[in-house]
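These are the residues of each chain, in order.
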Amino acid sequence: MIAETAIMLGFATALSIIPFFNLPAGGSVTPFSMLPVLIIAYRYGMKWGFLTGAIYGVIQMVLGLSALSYATNALAVICIILFDYIVAFGVMAFGGLFRSLKNQA
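Residues numbered from 1 in each chain as written. Predicted model: local features only at pLDDT ≥ 70, side-chain atom pairs only at ≥ 80, totals over all residues. Heavy atoms only, no water.

Colleague: Quick question: what am I supposed to make of the confidence of the model for the protein chain here?
Modeller: With 94% of its residues at a pLDDT of 70 or more, the protein chain has an overall mean of 85. Within the protein chain, no element has a lower average pLDDT than helix H5 (residues 97-104), which sits at 66, and none a higher one than helix H1 (residues 2-17), at 94. (pLDDT = per-residue confidence, 0-100. Helix = DSSP H or I, 4+ residues; strand = E, 2+ residues; numbered from the N terminus.)

Colleague: I keep staring at helix H3 (residues 46-63) and nothing clicks. Help me out?
Modeller: An α-helical turn contains 3.6 residues, so any two residues separated by three or four positions project in the same direction. For H3, spanning 18 residues, the distance from its first C-alpha to its last is 25 Å, which sits close to the expected 26 Å at 1.5 Å a residue. Within H3, the full set of buried residues consists of Gly49, Thr52, Gly53, Ala54, Tyr56, Gly57, Gln60 and Met61. Those residues of H3 that are buried are in contact with H1, helix H2 (35-44) and helix H4 (74-90). (Expected span 1.5 Å × (residues − 1). Buried < 20%, exposed > 50% of the residue type's maximum accessible area, 1.4 Å probe, protein only. Contact = heavy atoms within 4.5 Å.)

Colleague: What should I look at first to understand the nonpolar core in this one?
Modeller: Across soluble globular proteins, nonpolar side chains have a tendency to be buried as a group. Leu9, Ala12, Val37, Tyr56, Met61, Ile80, Tyr85, Phe89 and Met92 form the largest nonpolar core, which has nine residues in total. Secondary-structure elements contributing two or more residues to this core are H1, H3 and H4. It is H4 that provides the largest number of residues to this core, a total of three residues. Contact partners of Val37, with chain neighbours within four places excluded, come to Leu9, Ala12, Thr52, Gly53, Tyr56 and Met92. (Core = buried A, V, L, I, M, F, W, Y, C linked by side-chain atoms within 4.5 Å.)

Colleague: Got a minute to help me understand the environment of Val58 in this structure?
Modeller: By the element assignment, Val58 lies in helix H3. Classification of Val58 by relative accessible area gives partly exposed; the value is 36%. Along the sequence, Val58 and Ile81 sit 23 residues apart, while their C-alpha atoms lie 8.4 Å from each other.

Colleague: What am I meant to see in the packing of H1 against H2 here?
Modeller: Helix packing geometry: the angle between the two helix axes and the distance between the axes. Here H1 crosses H2 at 155°, and the two axes come no closer than 8 Å. Considered as vectors, H1 and H2 are oriented roughly antiparallel to each other. Judged by residue contacts, Glu4, Thr5, Met8, Leu9, Phe11, Ala12 and Leu15 of H1 engage Pro36, Val37, Ile39, Ile40, Arg43 and Tyr44 from H2. (Axes fitted to C-alpha atoms, helices over the stretch in contact; angles between N-to-C directions. Parallel < 35°, antiparallel > 145°, perpendicular 65-115°, else oblique.)

This is the structure in structure tokens:
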């Protein structure tokens, strides 16, 4: 389970480096970069999916540390780290809900 998650996180990170197109404000669209994390959440449930998404968020934060330059104080840095990376990517764990819905049907 850990090895598969690590491989999927590496695959998701590699897909996130290849942008489909760049936006004027500095963002970019990366198709299918979240799919490996959603697959892990579907296969192993919401708890493991949230952990995988949070780790993926930390990886994306390290790769994109320039986003922290917009912060004006320490509280803003904490909010950016928490809401733009940890929580935002951790929400992908809701892909694990479909596993429980499938088992109920």
